[in-house]
Amino acid sequence: MRIALPGRTLSWFCAAAVLGACSHERISESAIPRPEPPPADRIATDEIATSMDTYYLSACAQCGGLLGTRGDAPEVVHNVRRYRVCSSACAAAFNLAPEACVERVNAIMIADQRPYYPLAVSLVSGRPLGPHPVEFVWGNRLFRASDPAERDLILSDPVRYVRQLNRAVLAAQSSSYGMPDKCPVQGDILPSDVPIDIVVANRMVRVCCGRCARVVRARPYQYLGMVEYANKHRSDAQPP
Ligand SMILES: [Zn+2]
Ligand SMILES: [Zn+2]
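Within any chain, residue numbers begin from 1 and follow the written order of that chain's sequence. Chains and ligands are labelled by the order in which they are written, letters from A for the one and numbers from 1 for the other. The model is predicted, so local features are restricted to residues of pLDDT at least 70 and side-chain atom pairs to those at 80 or more, both for listing and for counting; the totals for chains, interfaces and linings are taken over all residues.

A. Inspection of the overall build of the protein chain at higher detail. Each helix and strand counted, the protein chain has eight helices and eight strands in total. Taking all 240 residues of the protein chain together, the buried fraction comes to 25%. Numbering goes from the N terminus for both helices and strands, where a helix is a DSSP run of H or I of at least four residues and a strand is a run of E of at least two. Burial is judged by counting other C-beta atoms within 10 Å of a residue's own C-beta: 20 or more means buried, 12 or fewer means exposed, and anything between counts as partly exposed, with every C-beta placed from the backbone.

Next up, the structure:
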């Protein structure tokens, strides 16, 4: 019988064999191969990447054309943040001058998410945001701050503040959510399901399970329209 051992298991096995063979010789701790822990900066980058929303607009980040009309929409990554473009030509153009694309996409996302922003006060200080807050996008998500110093504070620990923002979105939107009994991926939410409320682009989305949460996070542009339609339908049906 052949047993396939993964490389790491094998090297541990060899280390144990070496130890056994030389039981009366001291083997320094450092001679035993240990699995390398991932470096701290990579853990931080992973946490940042998973806290960010994926690109959710239906327009190419480079040319503004509708995604999907020229085949599969490739993803481009700039400073950990993910974008989608309509073609490999647009991907090349994006990578050549990302800042201009980022600025354009930010302006679109700020205008798009403003009506959904759940708070009239600052996430940092609780101060009223006033009529002209500082608006900025981190990880495809709109944030609003009272002043540039608060913006810098949020950007210094965005993972913490995006969690806080998610809680505020769910608190503000769950009572008026348009499809409380339906998952946009699977359909009916069954009594045996444990639904999960997630936030994408400052909008609440209820899904029936963790798998559907991953599906919506990966391709939010396929599901946000459905949720929006249901929200609008529900608010139209509600008496004033
Ligand atoms: Zn394009
Ligand atoms: Zn599900």
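B. Inspection of the nonpolar core at higher detail. Judged by nonpolar contacts, the single largest core of 40 residues is most densely connected at Ala61, Val85, Phe94, Val205, Val207 and Val216. Breaking this core down by element, the ones donating at least two residues are helix H3 (88-96), helix H4 (98-113), strand E4 (141-145), helix H6 (158-173), strand E7 (196-200), strand E8 (203-207) and helix H7 (210-218). Here this core takes four residues from H6, the largest share from any one element. Those residues in contact with Val205 that lie beyond four places of it in its chain are Pro184, Ile198, Val200, Val216, Tyr223 and Val227. The term nonpolar core refers to a set of buried Ala, Val, Leu, Ile, Met, Phe, Trp, Tyr and Cys residues connected through C-beta atoms within 7 Å. Residue pairs are scored as contacts if the distance between their C-beta atoms, which are placed from the backbone, is within 7 Å.

C. H4, seen in detail. Its 16 residues give H4 an end-to-end C-alpha distance of 22 Å, which sits within 8% of 22 Å, the value for a rise of 1.5 Å per residue. Among all positions in H4, only Cys101, Val105, Met109 and Gln113 are buried. For H4, the buried positions fall inside an angular range of 80 degrees around the axis, keeping them on one side. Residues of H4 that are exposed and point over 90 degrees away from its buried face: Glu99, Ala100, Glu103, Ala107 and Ala111. Along its buried surface, H4 packs onto strand E2 (81-84), H3, strand E3 (134-138) and E4. Multiplying 1.5 Å by the helix residue count minus one yields the expected span of that helix. The directions from the helix axis to the C-beta atoms form the arc being described.

D. Quick peek at H3. Turning to H3, its buried residues are Cys90, Ala91 and Phe94. Buried residues in H3, looked at end-on, bunch into an arc of 105 degrees, giving them a common side. Among the exposed residues of H3, those oriented more than 90 degrees off its buried face are Ser88, Ala89, Ala92 and Leu96. Those residues of H3 that are buried are in contact with strand E1 (75-78), E2 and H4.

E. The arrangement of the pairing of E7 in detail. Two strands are said to pair when DSSP picks up at least two bridges between them. Sheet analysis places E7 next to E8, joined by five bridges and oriented antiparallel. Across the sheet, the residue bridging to Val199 is Met204, located in E8. Here E7 hands over to E8 after two residues, with Ala201 in that stretch at a positive phi of 55 degrees.

F. Structural detail: the pairing of E1. As paired elements, E1 and E2 share four bridges and run antiparallel to each other. Looking at the pairing, His78 lines up with Arg81 of E2. Here E1 hands over to E2 after two residues, with Asn79 in that stretch at a positive phi of 50 degrees.

G. Seen up close, the environment of Ala44. Within the secondary structure layout, Ala44 lies in helix H2 (residues 40-51). Ala44 gets classed as exposed once you count the C-beta atoms within 10 Å, which come to 11. Along the sequence, Ala44 and Val159 sit 115 residues apart, while their C-alpha atoms lie 9.6 Å from each other.

H. Representation of the confidence of the model for the protein chain within the structure. Confidence scores per residue from the predictor, reported as pLDDT, run from 0 to 100. Residues with a pLDDT of 70 or more make up 83% of the protein chain, whose mean pLDDT is 86. Considering only residues more than four positions removed or in separate chains, one finds that residues 1-25, a stretch of pLDDT under 50, has eight contacts.

I. Just the packing of H2 against H6, in detail. The interhelical angle for the contact between H2 and H6, taken along N-to-C directions, is 25 degrees, at an axis separation of 10 Å. Judged by the angle between their axes, H2 and H6 are roughly parallel. Viewed along their axes, H2 and H6 form a crossing whose handedness is left-handed. Between H2 and H6, the contacting residues are Glu47, Ile48 and Ser51 on the first element and Pro158, Val159 and Val162 on the second. Of the residues assigned to the contact of H2 with H6, the class counts are four nonpolar, one polar and one charged. Each axis is a line fitted through C-alpha atoms, and for a helix only the stretch in contact is used; angles between axes span 0 to 180 degrees, taken between their N-to-C directions. The labels follow the angle: roughly parallel below 35 degrees, roughly antiparallel above 145, roughly perpendicular from 65 to 115, and oblique for the rest. Helix crossings are classified by the rotation of the near helix relative to the far one: an anticlockwise turn of less than a right angle makes the crossing left-handed, while a clockwise turn makes it right-handed. Side-chain classes follow a simple rule in which Ala, Val, Leu, Ile, Met, Phe, Trp, Tyr, Cys and Pro form the nonpolar group, Asp, Glu, Lys and Arg form the charged group, and the remainder, Gly included, forms the polar group.

J. Quick peek at unusual backbone geometry. With phi around 65 degrees, Asn140 is a residue other than glycine that occupies positive phi space. Mapped onto the elements of the fold, Asn140 is located in the loop between E3 and E4. By C-beta crowding, Asn140 is classed as buried, having 22 other C-beta atoms within 10 Å.

K. Structural view of the environment of Tyr229. As for its placement among the helices and strands, Tyr229 is situated in helix H8 (residues 224-237). In sequence terms Tyr229 and Gly178 are 51 residues apart; their C-alpha atoms lie 8.0 Å from each other.

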